[in-house]
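Secondary and tertiary structure notes
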Number of protein chains: 2
Amino acid sequence: MNEKNTISSITYDDIKKDIIFGKLKPSIKLKLDNLKNSYNASLSTIRETLNRLASEGFVKAEEQRGFFVNSFSQDDLIEIANLRVLLECHALELSIKNGDTDWEGNLVASHHKLHLLEKETQKDYKKNREEWKKYDWGFHLALVSNCRSKNLLNLHSILYDKYIRYQMTVTEYRGKEAEEEHKIIFEAALKRDTKLASETLEKHILKGLDHTLTIFK
Amino acid sequence: MNEKNTISSITYDDIKKDIIFGKLKPSIKLKLDNLKNSYNASLSTIRETLNRLASEGFVKAEEQRGFFVNSFSQDDLIEIANLRVLLECHALELSIKNGDTDWEGNLVASHHKLHLLEKETQKDYKKNREEWKKYDWGFHLALVSNCRSKNLLNLHSILYDKYIRYQMTVTEYRGKEAEEEHKIIFEAALKRDTKLASETLEKHILKGLDHTLTIFK
DNA sequence: AATGTAATAAATATATGATATTTTATTATG
DNA sequence: CATAATAAAATATCATATATTTATTACATT
């Protein structure tokens, strides 16, 4: 149920994915005619998609001059990381407070799946990036999913993707350290240790930021 | 310079405004053909606009079933108010910390203009709602404008509009009390009293929430 | 000859109207 | 009264036409 049927939504997913994983590189111009051919959709459909992505901040729309993949900058990355800390830690705290059995079960499952994949990822990061992102997202979403604010969850998911877009350009996997952080956050959340969970999550995001900032050096 | 030339951007502004001020009522279906006629634009242009507004959360898009003005609910309003507190107070604190002369000047000006208009507004709120919103926004923007995070400012402006959409349906003006809060925030910001400014801003938003919640009773 | 400006051509974005597909409403049938 | 078949309405998509921007060329000035 709730399948994505329309060309529009398929195109949206495809282009967004290509931006996040760097197939469509920062700052490049998105020429409508090119996109039309590579994504097999009409101009109107492409424009709808780009307008949506522009609203979310993955694409920059310049009136009558066209669309561009949003550029990278150190400041932008720092802003995004800090906002992610603000929203995700807040959501995590709410989530833990509201914590119920379903949430806990889902959290255990998603951490387990992430943990399994982390081993694979260490072998060949580049190859497994998409998979890794899927399970990392699954875990972080499970953490905050019980915050009872759809508005907050929406904002958070966009911010997560923006953060990850930068991270996906870094060639080395942060690995061991990040896994350890995941584990601490996970266990703290189960124990309802809001403070430890939130503080470790903040560290986790900011250390990821540091790791990613190397691309600007 | 930087004028809004395209039909698309004009239509976007118009429809957004009509949603915020309740001319397009919550939950109603936005039939493309009707909009096409009332806003004098082609179907594709209307669709572009609605896709943008859907991304921002003013419109709900249901695949192959069309577009609807986002519905009202008590929970949604509470979520929005709380998120506005989180983001706006955070931005205010940053803004005050970075506070410079330009920021201060702009703040004085915008508070002055708001103060002048508040007197007018008391006479005939319904008539002056649009004007009031413009100056209230001017003041709140001036407060946070120095936070040095474009990402934060973008999110904040959308949240502000969502909050105000609810408030615009309330017939009575909160008046005196809100004006007093504005004044305290303003003076605290000038004195660089971050704590007082932030705490009063939080109260201000939450009292506005209470006032608006009456529409659900 | 080098540089700046104006005129033209090409590329591109914007906007529209026509067609195809899907959903919703209506009618017919068991 | 429920279900199936049909008709109507609405959405989604596309192909084409118009307007704007960008690139190229020609011309004039120092």
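So, about the protein's contact with DNA strand D. The environment of DNA strand D is made up of 19 residues, and the closest members are Ile-7, Ser-42 and Arg-65 of chain A together with Arg-47 and Gln-64 of chain B. The sugar-phosphate backbone supplies 82% of the atoms of DNA strand D found within 4 Å of the protein. The separation between a phosphate oxygen of DNA strand D and a polar main-chain atom of Leu-32 of chain B is 3.3 Å. Elements with a contribution of two residues or more to the surface near DNA strand D: helix 1 (7-20) and helix 3 (43-56) of chain A together with strand 1 (29-30) and helix 3 (43-56) of chain B. Broken down by element, the surface near DNA strand D gets its largest block of residues, three residues, from helix 3 of chain A. In terms of residue class, the surface near DNA strand D is built from six nonpolar, eight polar and five charged.

Quick look at the pairing of strand 2 (residues 59-62) of chain B now. As a general feature of sheets, a regular strand has side chains that alternate between the two faces. Residue and element names in this part refer to chain B. Judged from the four bridges that link them, strand 2 and strand 3 (residues 66-69) form a sheet pairing that is antiparallel. Counterpart to Val-59 in the pairing with strand 3 is Val-69. Connecting the antiparallel pair strand 2 and strand 3 is a turn made up of three residues, with Gln-64 showing a positive phi of about 60°.

Taken together, 21 residues surround DNA strand C, and among them Lys-31 and Arg-47 of chain A together with Ile-7, Ser-42 and Arg-65 of chain B come closest. By atom count, sugar and phosphate contribute 81% of the portion of DNA strand C lying within 4 Å of the protein. At 3.2 Å, a backbone N or O of Leu-32 of chain A approaches a phosphate oxygen of DNA strand C. Backbone polar atom of Gln-64 of chain A to a phosphate oxygen of DNA strand C: 2.9 Å apart, as the coordinates give it. Elements with a contribution of two residues or more to the surface near DNA strand C: strand 1 (29-30), helix 3 and strand 3 (66-69) of chain A together with helix 1 (7-20) and helix 3 of chain B. By residue number, the principal contributor to the surface near DNA strand C is helix 3 of chain A, which donates three residues.

Residue and element names in this part refer to chain B. Non-glycine residue Ser-27 carries a positive phi angle of around 75°. By the secondary structure assignment, Ser-27 is in the loop between helix 1 and strand 1. Overall, the relative accessible area of 46% leaves Ser-27 in the partly exposed class. Non-glycine residue Arg-192 carries a positive phi angle of around 60°. With respect to the secondary-structure elements, Arg-192 resides in the loop between helix 8 (176-190) and helix 9 (194-213).

Thresholds applied
Residues numbered from 1 in each chain as written. Chains lettered and ligands numbered in written order. Predicted model: local features only at pLDDT ≥ 70, side-chain atom pairs only at ≥ 80, totals over all residues. Heavy atoms only, no water. Near = heavy atom within 4 Å. Polar contact = N/O pair within 3.5 Å; in protein donor to acceptor, adjacent residues only side chain to side chain. Helix = DSSP H or I, 4+ residues; strand = E, 2+ residues; numbered from the N terminus. Nonpolar A, V, L, I, M, F, W, Y, C, P; charged D, E, K, R; others polar. Pairing = 2+ DSSP bridges. Buried < 20%, exposed > 50% of the residue type's maximum accessible area, 1.4 Å probe, protein only.

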